[in-house]
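As a plain string of letters, each chain reads:
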Amino acid sequence: MKRLLRWIGVGAGVLVVLGAVAYAVIYVMSERIFGRHYDAPASALTVPSDAASIAEGRRLATLRGCLGCHGKDGDGKGEVGADMKLKVSDLSDPATLKDRTDGELFYIIKNGKGDMPPEGTRLKSDELWSLVNYVRSLAKKNAAPEDKKRQ
Ligand code: HEC
């Protein structure tokens, strides 16, 4: 009888250990699946939006073909966009991006949107932030006078 009890004890112990392992595995997997977050930092800019960053953004935008679709002033009238008959956002119109956070712009440039192709991992995050700064600068020229004062 004692032996039987001992075996039951061992059996129960093994079950507990297996249970714990299963729990750990499921926990880690669910963290991977549900805890997945996209690197669209809600945080503010990590690159200051100064003239150097805007100039770098402009250089990258030329290099990466953004201007082909968005036009050299960001008005959405680039030749490539027109050829492809795309409805390209007018980035020079302050209304276009007024409700977007910098993090959202970062995310859109990185992952694309609708007919706009993603930049993905081709650009480093500093470079993506410079593009955000550049994109923001396009609308500033046309901002309402009181907005201009604030900037
Ligand atoms: C093939 C043409 C094309 C290229 C290249 C392109 N875009 Fe776009 N872009 C679009 C179109 C089309 C939209 C509108 C997407 C939508 O709203 O569905 C857009 C929208 C945007 C928006 C506004 C998104 C919004 O919230 O309305 C931003 C910002 C932007 N593009 C930046 C860029 C930058 C920066 C690059 C270069 C890295 C780039 N685009 C390259 C076609 C393009």
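The structure displayed is predicted, hence computed values, not measured ones.

### Remarks on the overall build of the protein
Part 1 of the argument: Counting secondary structure elements, the protein contains seven helices and zero strands.
Part 2 of the argument: Shown N-terminal to C-terminal, the secondary structure of the protein runs as helices and strands in the order α-α-α-α-α-α-α.
Part 3 of the argument: Each of the 151 residues in the protein was classed as buried or not, and the buried ones make up 25%.
Part 4 of the argument: Nonlocal contacts in the protein, meaning residues at least 24 apart in sequence, comprise 56% of its contacts between residues at least 6 apart.

### Observations concerning the packing of helix α5 (residues 102–111) against helix α6 (residues 125–140)
Part 1 of the argument: Where α5 meets α6, the closest approach of the two axes is 9 Å, and the angle between their N-to-C directions is 115°. α6 is crossed by α5, and the crossing has right-handed handedness. Listed contacts from α6 to Asp102, Leu105, Phe106, Ile109 and Lys110 of α5 are Leu128, Trp129, Leu131, Val132 and Val135.

### Quick look at α5
Part 1 of the argument: Most of α5 is tucked away: seven of the ten residues are buried.
Part 2 of the argument: Of the residues making up α5, those classed as buried are Asp102, Leu105, Phe106, Tyr107, Ile108, Ile109 and Lys110.
Part 3 of the argument: Turning to α5, the residues buried within the fold contact α6.
Part 4 of the argument: Count one or two residues on from α5 and you reach Gly112, which has phi positive near 80°.

### Some thoughts on the site of the ligand
Part 1 of the argument: Around the ligand, the structure places 27 residues, and the nearest of them are Cys66, Cys69, Ser89, Gly114 and Met116.
Part 2 of the argument: Listed by contribution, the elements that provide at least two residues to the shell around the ligand are α3 (66–70), α4 (79–83), α5 and α6.
Part 3 of the argument: The element contributing the most residues to the shell around the ligand is α3, with four residues.

### Quick look at the confidence of the model for the protein
Detailed reading of the predicted model is not advised wherever pLDDT is low.
Part 1 of the argument: Counting all residues, the mean pLDDT for the protein is 84, and 81% of those residues have values of 70 or more.
Part 2 of the argument: Between the elements of the protein, mean pLDDT differs from a low of 57, seen in helix α7 (residues 145–150), to a high of 96, seen in α3.

### Remarks on unusual backbone geometry
Part 1 of the argument: Phi at Lys85 takes a positive value of approximately 55°, unusual for a residue other than glycine.
Part 2 of the argument: With respect to the element layout, Lys85 can be found in the loop between α4 and α5.

### Re the environment of Met84
Part 1 of the argument: Following the sequence through the fold, Met84 ends up in the loop between α4 and α5.
Part 2 of the argument: C-alpha of Met84 to C-alpha of Asp115: the two residues are 31 residues apart in sequence and 9.7 Å apart in space.

### A short note on the packing of helix α2 (residues 51–63) against α6
Part 1 of the argument: Here α2 crosses α6 at 100°, and the two axes come no closer than 7 Å. Between α2 and α6, the interaxial angle falls into the category roughly perpendicular. Judged by residue contacts, Ser53, Ile54, Glu56, Gly57, Arg58, Leu60 and Ala61 of α2 engage Glu127, Ser130, Leu131, Asn133, Tyr134 and Ser137 from α6.
Part 2 of the argument: Grouping the amino acids of the contact of α2 with α6 by side-chain chemistry returns five nonpolar, five polar and three charged.

### Some points on the environment of Val88
Part 1 of the argument: With respect to the helices and strands, Val88 occurs in the loop between α4 and α5.
Part 2 of the argument: Here Val88 falls in the buried class, since 21 other C-beta atoms lie within 10 Å of it.
Part 3 of the argument: The spacing of Val88 and Cys69 is 19 residues in sequence and 6.8 Å in space, taken between C-alpha atoms.
Part 4 of the argument: With sequence-adjacent residues up to four places away left out, Val88 is seen in contact with Cys69, His70, Gly76, Gly78 and Gly81.

Criteria and cut-off values
- Per chain, the residues get numbers from 1 upward, laid out in the order the sequence is written.
- Local features in this predicted model are restricted to residues of pLDDT 70 or higher, and side-chain atom pairs are both shown and tallied only at a pLDDT of 80 or more, whereas totals for entire chains, interfaces and linings draw on every residue.
- Runs of E in the DSSP output that reach at least two residues are strands. Runs of H or I that reach at least four are helices, and both are numbered from the N terminus.
- Once C-beta atoms are placed from the backbone, each residue is buried if 20 or more other C-beta atoms lie within 10 Å of its own, exposed if 12 or fewer, and partly exposed for counts between those two.
- Residues are scored as being in contact if the C-beta atoms we place from backbone atoms lie within 7 Å.
- Note on definitions: angles span 0 to 180 degrees between N-to-C directions of axes, and those axes are lines fitted to C-alpha atoms, for helices only across the stretch in contact.
- Handedness of each helix crossing follows the sense of rotation of the near helix against the far helix: counterclockwise by less than a right angle gives left-handed, clockwise gives right-handed.
- Put plainly, near means the residue's C-beta atom, positioned from the backbone, lies within 6 Å of the molecule or strand in question.
- Per residue, pLDDT measures the predictor's confidence, with a range of 0 to 100.
- Each angle is binned into one of four classes, with values under 35 degrees roughly parallel, values over 145 roughly antiparallel, values of 65 to 115 roughly perpendicular, and all other values oblique.
- Only Asp, Glu, Lys and Arg are considered charged in this grouping, and only Ala, Val, Leu, Ile, Met, Phe, Trp, Tyr, Cys and Pro are considered nonpolar; every other residue, Gly among them, is considered polar.

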